[in-house]
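# A structural walkthrough
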2 protein chains.
Amino acid sequence: MARPKQALLTRERIVAAAGTLVDAEGLEALSVRRLAAELGVQGPSLYNHFPTKADIVDAVADAVVEQVDLSVFGEKPWPEALRSWAQDYHGVLTEHPNIVPVLAQGPGRRPAGLAMAEAVFGALVDAGWPPARATHIGALMRYLVTGSALGSFALGFDIDPDLYDRYPHLHNAPRLAAHHQAVDEGAFNLGLDLLINGLLAQFEGTRR
Amino acid sequence: MARPKQALLTRERIVAAAGTLVDAEGLEALSVRRLAAELGVQGPSLYNHFPTKADIVDAVADAVVEQVDLSVFGEKPWPEALRSWAQDYHGVLTEHPNIVPVLAQGPGRRPAGLAMAEAVFGALVDAGWPPARATHIGALMRYLVTGSALGSFALGFDIDPDLYDRYPHLHNAPRLAAHHQAVDEGAFNLGLDLLINGLLAQFEGTRR
DNA sequence: AAGTAAAACTTACGCCGCTAGTTTAATCAT
DNA sequence: ATGATTAAACTAGCGGCGTAAGTTTTACTT
């Protein structure tokens, strides 16, 4: 086949197929040949639409970030906005955990990533936080959200019970797997509460 | 060469060389052939000492975790111990950032990882925290430490100034790179303060 | 109508993790 | 002491990887 009458590929179709593949089978399963096969095409054809595989992965990551709702930042005071955004971000990443390692590297040049940083940082600065402090808060939020999404804490322990003979306090670790959602959510929400309440106290302390 | 009089390889030598390579050039640079070359040997020879490459990577990760000081947990009250441990853990990861993606997946079956979990969880439970809450706190600490070590926040932004024309609040983002250590440290310490102070308040609240 | 650009293709290079089978030395059992 | 087994290196090779190069055909531009 040479150039077809109707193009077989578009950037959108490629990103969608790549996202589906990553969600279903993980980042390691995303190879150029495999992705091309899903699209009914030979591997190198993808290079007519993206310069490198990394650009495809980046586009997948940004498509996920695009799903995060940023509208709260114009509508609510910073503490509620921050909480609401962090929960939504966390929820989106929970649905697409396999792409999180990419997001954890920062926004780079990705438009949705930069737009999100702009919204968060802008809201904090506009609310009266000093820019340096707002940067810290933004960083901290990324640490919590990506740290929690990067790998389930509860599923991070091997489930072989014999493994824990020498770690007496951990004897229930294999049982964590059964409740991993509740454990991970509990930890994330605890962290979010502590951070936002603490920040609020600091903020009001400097105001008065 | 067949079997030499003195074995060329040991697990320790392999892990040390792999760790050096990962530290110097990143996880992607660690290939079986490359590592073998560093050790003056052919690639498949490594399989006489480790069943898979993943086991080598795991051993590198555990060697890093082994460096974290756990002695504080027997010596100080839980808030100081938690802070001191988290700072030490954070410091160790700062020196070996390339292995963090592995640690972020949890301890799995790695002995030093499990010993660390045992120490943290045990100290919290022994101090009076309910086990479920202690689990949340342990998870939260991992989120913060690995989240912050996984990728510098300050270096996560592209330094091309033109990129920020459409993100007015971020116009100073390219300057973050110059102070990335201070920014990242500031965010981590802010988070640690907020979490531990908040936990302390909760703990004393339930005691009274 | 001619010229150019786009989008598919095939081929190929140098990497990758790992398996299989071979050789030789060291160690263990009788 | 010797014979058998195990250990630790080797070579050869499989299937997969990202991607560069060059080819063909179609579509768009002038």
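Relevant structure appears above.
I will try to describe carefully the structure that is included in this document. Source: prediction; values computed, not measured.

Turning next to the relation of the copies chain B and chain A. Each copy superposes on the other: chain B lies on chain A with an RMSD of 0.0 Å after a rotation of 180° and an axial shift of 0.0 Å. With respect to symmetry, the two chain copies, as superposed, fit the operation of a two-fold axis. Using C-alpha coordinates, one finds that chain B approaches the rotation axis most closely at B:Gly147, a distance of 2.0 Å. A shared interface surface links the copies, since 100% of the contact residues of chain B are contact residues in chain A too.

On to the protein's contact with DNA strand D. Around DNA strand D, the structure places 25 residues, and the nearest of them are A:Arg33, A:Tyr47, B:Leu8, B:Ser45 and B:His49. Taking A:Ser31, its side chain carries an N or O atom lying 2.7 Å from a phosphate oxygen of DNA strand D. B:Gln42 is positioned with one of its backbone polar atoms (N or O) 2.8 Å from a phosphate oxygen of DNA strand D. A class-by-class count of the residues in the surface near DNA strand D yields 13 nonpolar, 6 polar and 6 charged.

Within this structure, the stated rule accounts for 12 salt bridges over all chains. Measuring nitrogen to oxygen at the nearest pair gives 3.5 Å for the salt bridge that ties A:Asp160 to B:Arg109. Of the two residues, A:Asp160 is situated in the loop between α8 (131-150) and α9 (173-176) and B:Arg109 in the loop between α6 (100-103) and α7 (111-127); the pairing between them involves two chains. For A:Asp160, a relative accessible area of 24% gives the class partly exposed. With a relative accessible area of 45%, B:Arg109 lands in the partly exposed category. Here B:Arg34 ties to B:Glu25 by a salt bridge, and the two come within 2.8 Å at their closest N and O atoms.

Thresholds, definitions, all that
- Residues numbered from 1 in each chain as written.
- Chains lettered and ligands numbered in written order.
- Predicted model: local features only at pLDDT ≥ 70, side-chain atom pairs only at ≥ 80, totals over all residues.
- Heavy atoms only, no water.
- Least-squares fit on C-alpha atoms with pLDDT ≥ 70 in both.
- Contact = heavy atoms within 4.5 Å.
- Near = heavy atom within 4 Å.
- Polar contact = N/O pair within 3.5 Å; in protein donor to acceptor, adjacent residues only side chain to side chain.
- Nonpolar A, V, L, I, M, F, W, Y, C, P; charged D, E, K, R; others polar.
- Salt bridge = Lys/Arg side-chain N within 4 Å of Asp/Glu carboxyl O.
- Helix = DSSP H or I, 4+ residues; strand = E, 2+ residues; numbered from the N terminus.
- Buried < 20%, exposed > 50% of the residue type's maximum accessible area, 1.4 Å probe, protein only.

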